Amino acid sequence: MGSMLKMLNSSIGQKVIMSLTGLFLCSFLLVHVSGNLQLFKDDHGLAFNQYTVFMTTFTPIKIVSYLLYATILIHAINSLLLTMANRKARAVGYQSRKDPRSSSWASKNMGILGTILLIFLITHMANFWYQYKFGDTPWAEYSVDLNSGMVLGEPIVIEGEDLHPHEYVRTDASGNEVNVVVVKNLYAVVKEAFTQPLLVVLYLIGMIALAYHMVHGFQSSFQTLGIRHNTYTPLIRGIGIWLFGIIIPLLFAAMPVYFFLQL
Amino acid sequence: MSSENMNLTLKVWRQRNGQSQGSFETYQAKSVSPDMSFLEMMDVVNEDLIKGGKDPIAFDHDCREGICGTCSMYINGRAHGPVKGVTACQLHMRSFIDGETITIEPWRATAFPVLKDLIVDRSAFDRIQQAGGFVSVNTGSVPDANAIPVAKACADEAFNSAACIGCGACVAACKNSSAMLFVSAKVSQYAMLPQGDVERKDRVIKMVSQMDEEGFGTCTNTEACEAECPKGISVTNIARLNREYLRAKLTE
Ligand code: HEM
Ligand code: SF4
Ligand code: FES
């Protein structure tokens, strides 16, 4: 164990921390983007709001989310330490520097890309996570027809002390069974937030930074762990570019655009 | 190939010693033959300086045939100049155009302090090598062929890694002044052979720890080193170094 801790102090050990925390963050991106795709559902936000309840109350997920906050902190602090050490190693720079074309722009600007991501993450957490936990997110009451599964129109805004998520079945005037669902309406908060053009622009910038961070970072983390193989390395690079560098940032970026354009 | 002689302007880093503040000085290199090597062109400029009673430009060189790794020079923004796969001594003046201004700087790394002008102290590499880049026992004279079986692929890979001449271009090209390509080549050349296998864990731990102590940066995998290495050492070696180091630490 002592040797392990010393290892993490070495240059390679510090990079292993970057790699493992980075890969954990990648796995989170995958979960986060899949869950949030429910924003696109044409159900006035019911599925999304129910998913939010699950994500914030189910204990194993709560534990993982605290692990996630710690991971972001470790990744960011360690990146600062590495960047400082690397600057110190090149105290005097060149006057005529011309980098070889094979070395990518993203690989040389991970610190700047990461800083943009950090600013984005803080704004993002303040907008939604803080709003949901401590802000005044409104409560909504949805009615769902039990036979067809259809959400019956916009939810009703409800107010009161000590509200908690719950649901029950009621029979309406014409004898239909209706499922009534009471949840915090984070969907409404999201919808409202993305009417602000500045916020939408910040999200788009954040996703561009994410794209570049991933195009270099995903494959780089495997190299850091010593995983390199004639067949699998091109595959890893492909996943890094296409899935993490293009598809995921595009899906995330589509969310603010969808609400801004009121599609 | 043009045979016209060229006139060039050189912007060269001059620095009296490790303590003094350096600066760029401008020199004219007149009537340079395109068939000269870069170092021969520097010799001509220095002859002129000596004739004029001035201090010649100090630069490192030895074999002048691309095998000793001494001729460290950062030319027009590239380690060893614009041509891929060569050292400065193998760079010919035909790679430049008449009238061009050429900027020449020393390797820039805190672990490679400038001694004078273009000469840097690369003894950090020696200390890394001395920390573990060897086999401790006398391996005797050449053994019978096939007495110790070595897979062809391993032998080839070890040989490719052993091609590293310790020139430091990888450090010079890396934005972090990281020595990972050099160290990975030195670790790899032993790790893949039975003679080196016995001490592989001890070796990698000691060499990496010396590398860190010398103040080289860490590896961000920009792969600038591979592009600038005159011997074509591949970053595959860096993955192997990471693997060797992790395995050694986890099973120590
Ligand atoms: C969703 C968020 C993020 C993900 C998925 C992510 C992922 C990654 C991955 C996979 C790597 C490659 C590790 C390696 O080369 O071994 C990496 C590197 C890096 N990350 Fe992040 N990261 C995120 C956020 C951040 C933040 C917020 C910062 C900084 C404040 C940051 C700064 C860096 C830096 C500087 C590196 C390069 C380290 C180096 O190679 O020297 N990242 N990241
Ligand atoms: S790895 Fe290449 S660039 Fe680095 S010291 Fe060896 S030969 Fe020179
Ligand atoms: S002088 Fe020996 S490699 Fe250039």
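Being a predicted model, the structure only gives us computed values, none of them experimental. (Residues numbered from 1 in each chain as written. Chains lettered and ligands numbered in written order. Predicted model: local features only at pLDDT ≥ 70, side-chain atom pairs only at ≥ 80, totals over all residues. Heavy atoms only, no water.)

1. Structural notes on the coordination of the iron atom of ligand 1
Each donor-metal-donor angle would ideally measure 109.5 degrees in four-coordinate tetrahedral geometry, or 90 or 180 degrees in six-coordinate octahedral geometry.
All names here are of chain A.
No. 1: The iron atom of ligand 1 binds to the protein through His75 (NE2) and His213 (NE2); the donor distances cover 2.0 to 2.1 Å.
No. 2: For the iron atom of ligand 1, the six donor atoms in the first shell make angles of 88 to 179 degrees at the metal, a pattern classed as octahedral. Taken together, the positions of histidine 75 in helix H4 (residues 59–89) and histidine 213 in helix H8 (residues 197–224) put the pair 138 residues apart, joining distant regions of the chain. (Donors = N, O, S within 2.8 Å, 3.2 Å for Na, K, Ca; no water. Tetrahedral: all angles 85-135°; square planar, octahedral: opposite > 155°, others 65-115°. Helix = DSSP H or I, 4+ residues; strand = E, 2+ residues; numbered from the N terminus.)

2. Structural notes on the sheet that holds strand E2 (residues 23–32) of chain B
Residue and element names in this part refer to chain B.
No. 1: An order of E2-E1-E5-E3-E4 is seen for the five strands of this open sheet, with the pairing classed as mixed. The outermost strands of the open sheet, each flanked by one partner alone, are E2 and strand E4 (78–79).
No. 2: Judged from the two bridges that link them, strand E3 (residues 74–75) and strand E5 (residues 101–105) form a sheet pairing that is antiparallel. Residue pairing in the sheet places tyrosine 74 in a bridge with glutamate 105 of E5.
No. 3: Each of strand E1 (6–14), E2, E3 and E5 touches helix H1 (residues 38–51); the most contacted strand, E2, lies at about 100 degrees to it. (Pairing = 2+ DSSP bridges. Contact = heavy atoms within 4.5 Å. Axes fitted to C-alpha atoms, helices over the stretch in contact; angles between N-to-C directions.)

3. Regarding unusual backbone geometry
Residue and element names in this part refer to chain B.
No. 1: Of note in the backbone geometry, arginine 64 takes a positive phi value of approximately 55 degrees without being a glycine.
No. 2: Here arginine 64 lies in the loop between H1 and E3.
No. 3: Under the relative-accessibility criterion, arginine 64 is labelled partly exposed at 28%.
No. 4: The phi angle at aspartate 117 is positive, at roughly 45 degrees, despite the residue not being glycine.
No. 5: Relative to the helices and strands, aspartate 117 is located in the loop between strand E6 (114–116) and strand E7 (119–120).
No. 6: Accessibility expressed as a relative area gives 1% for aspartate 117, which makes it buried. (Buried < 20%, exposed > 50% of the residue type's maximum accessible area, 1.4 Å probe, protein only.)

4. A look at the side chain of Glu244(B)
Residue and element names in this part refer to chain B.
No. 1: For glutamate 244, the position within the fold is in helix H9 (residues 236–250).
No. 2: A relative accessible area of 5% places glutamate 244 in the buried class.
No. 3: Discounting chain neighbours no more than four positions away, the residues touching glutamate 244 are Val187, Ala191, Arg200 and Val204.

5. Topic: the site of ligand 1
No. 1: Close to ligand 1 lie 22 residues; Lys15(A), His75(A), His213(A), Ser220(A) and Thr224(A) are nearest.
No. 2: Close to ligand 1, residues of chains A and B are found.
No. 3: Contacts to ligand 1 include Lys15(A), whose side-chain N or O atom sits 2.7 Å from an oxygen atom.
No. 4: Thr224(A) has a polar side-chain atom sitting 2.7 Å from an oxygen atom of ligand 1. (Near = heavy atom within 4 Å. Polar contact = N/O pair within 3.5 Å; in protein donor to acceptor, adjacent residues only side chain to side chain.)

6. Considerations on empty space enclosed by the protein
All names here are of chain B.
No. 1: According to the stated counting rule, one finds five cavities of 30 Å³ or more in the structure shown.
No. 2: Along the wall of the largest cavity there are 16 residues; nearest its centre are Cys219, Thr222, Glu223, Cys225 and Ile238.
No. 3: Elements with a minimum of two residues in the lining of the largest cavity: helix H5 (180–191) and helix H8 (224–228).
No. 4: For the lining of the largest cavity, the residue count by class is nine nonpolar, six polar and one charged. (1 Å grid on protein atoms, 1.4 Å probe; cavity = no way out; pocket = protein on both sides within 12 Å on 5 of 7 lines; lining within 4 Å. Points joined across faces, edges and corners; volume = space filled by probe spheres on them. Nonpolar A, V, L, I, M, F, W, Y, C, P; charged D, E, K, R; others polar.)

7. Some details on the layout of surface pockets
Residue and element names in this part refer to chain A.
No. 1: Considered as a void within the structure, the second largest pocket measures approximately 360 Å³ in volume.
No. 2: The class makeup of the residues in the lining of the second largest pocket is 10 nonpolar, four polar and five charged.
No. 3: Among the domains, domain 1 (2–137 + 187–260) and domain 2 (141–184) are the pair contributing at least three residues each to the lining of the second largest pocket. (Domains from an automatic or database assignment.)

8. Comments concerning the site of ligand 2
All names here are of chain B.
No. 1: Inspection of the region around ligand 2 gives 14 residues, with Cys164, Cys167, Gly168, Cys170 and Cys229 positioned closest.
No. 2: Counting only elements with at least two residues in the shell around ligand 2, the list comes to helix H4 (169–173) and H5.
No. 3: Here the residues of the shell around ligand 2 sort into 11 nonpolar, two polar and one charged.

9. With respect to the packing of H4(A) against helix H6 (residues 110–133) of chain A
Residue and element names in this part refer to chain A.
No. 1: Contact pair H4 / H6: the axes reach a minimum separation of 13 Å and the direction vectors enclose 160 degrees. Taken together, the axes of H4 and H6 lie roughly antiparallel to each other. For the element pair H4 and H6, the recorded crossing hand is left-handed. In contact with Tyr66, Tyr69, Ile72 and Ala76 of H4, H6 contributes Leu118, Leu121, Met125, Trp129 and Lys133.
No. 2: In terms of residue class, the contact of H4 with H6 is made up of eight nonpolar, no polar and one charged. (Parallel < 35°, antiparallel > 145°, perpendicular 65-115°, else oblique. Left-handed = near helix turned anticlockwise from the far one by under 90°.)

10. Quick word on the domain arrangement of chain A
All names here are of chain A.
No. 1: When cut into domains, chain A gives domain 1 (2–137 + 187–260) and domain 2 (141–184).
No. 2: Across the contact, 11 residues belong to domain 1 and 11 residues belong to domain 2.
No. 3: For the pair domain 1 and domain 2, the summed buried area comes to about 940 Å², and 62% of that belongs to carbon and sulfur atoms.
No. 4: Contact with domain 2 buries area across many residues of domain 1, yet His44, Leu46 and Asn49 alone supply 51% of it, more than any other trio.
No. 5: Between the two partners, domain 1 and domain 2, sit zero salt bridges.
No. 6: Summed over the shared surface of domain 1 and domain 2, the number is four residue pairs in polar contact (both at pLDDT 80 or more). (Buried area = accessible area lost by both parts, 1.4 Å probe. Salt bridge = Lys/Arg side-chain N within 4 Å of Asp/Glu carboxyl O.)

11. Remarks on the environment of Leu37(A)
All names here are of chain A.
No. 1: Looking at the secondary structure, you find leucine 37 in the loop between helix H2 (11–36) and helix H3 (46–57).
No. 2: Leucine 37 sits 215 residues away from phenylalanine 252 along the chain, and the two C-alpha atoms are 8.5 Å apart.
No. 3: Those residues in contact with leucine 37 that sit more than four places away from it in its chain are Leu251 and Met255.

12. Side note on the packing of aromatic side chains
Residues and elements named next belong to chain A.
No. 1: Enumeration over the complete set of coordinates arrives at 22 aromatic pairs over all chains.
No. 2: A ring pair is formed by phenylalanine 120 and tyrosine 203, whose centres lie 4.8 Å apart and whose planes are at 80 degrees; its orientation type is edge-to-face. With a gap of 83 residues between them, phenylalanine 120 in helix H6 and tyrosine 203 in helix H8 connect regions that are remote in the sequence.
No. 3: Here tyrosine 203 falls in the buried class, since its relative accessible area comes to 5%.
No. 4: In textbook terms, an aromatic cluster arises when at least three aromatic residues are bridged by ring pairs, as seen for Phe40, Phe120, Phe128, Tyr187, Phe194, Tyr203, Tyr258 and Phe259.
No. 5: For the cation-ring pair, lysine 184 lies above tyrosine 132, with the distance from its terminal atom to the ring centre recorded as 5.0 Å. (Phe/Tyr/Trp six-rings, centres within 6.5 Å; stacked < 30°, edge-to-face > 60°. Lys NZ or Arg CZ within 6 Å of the ring centre and 35° of its normal.)

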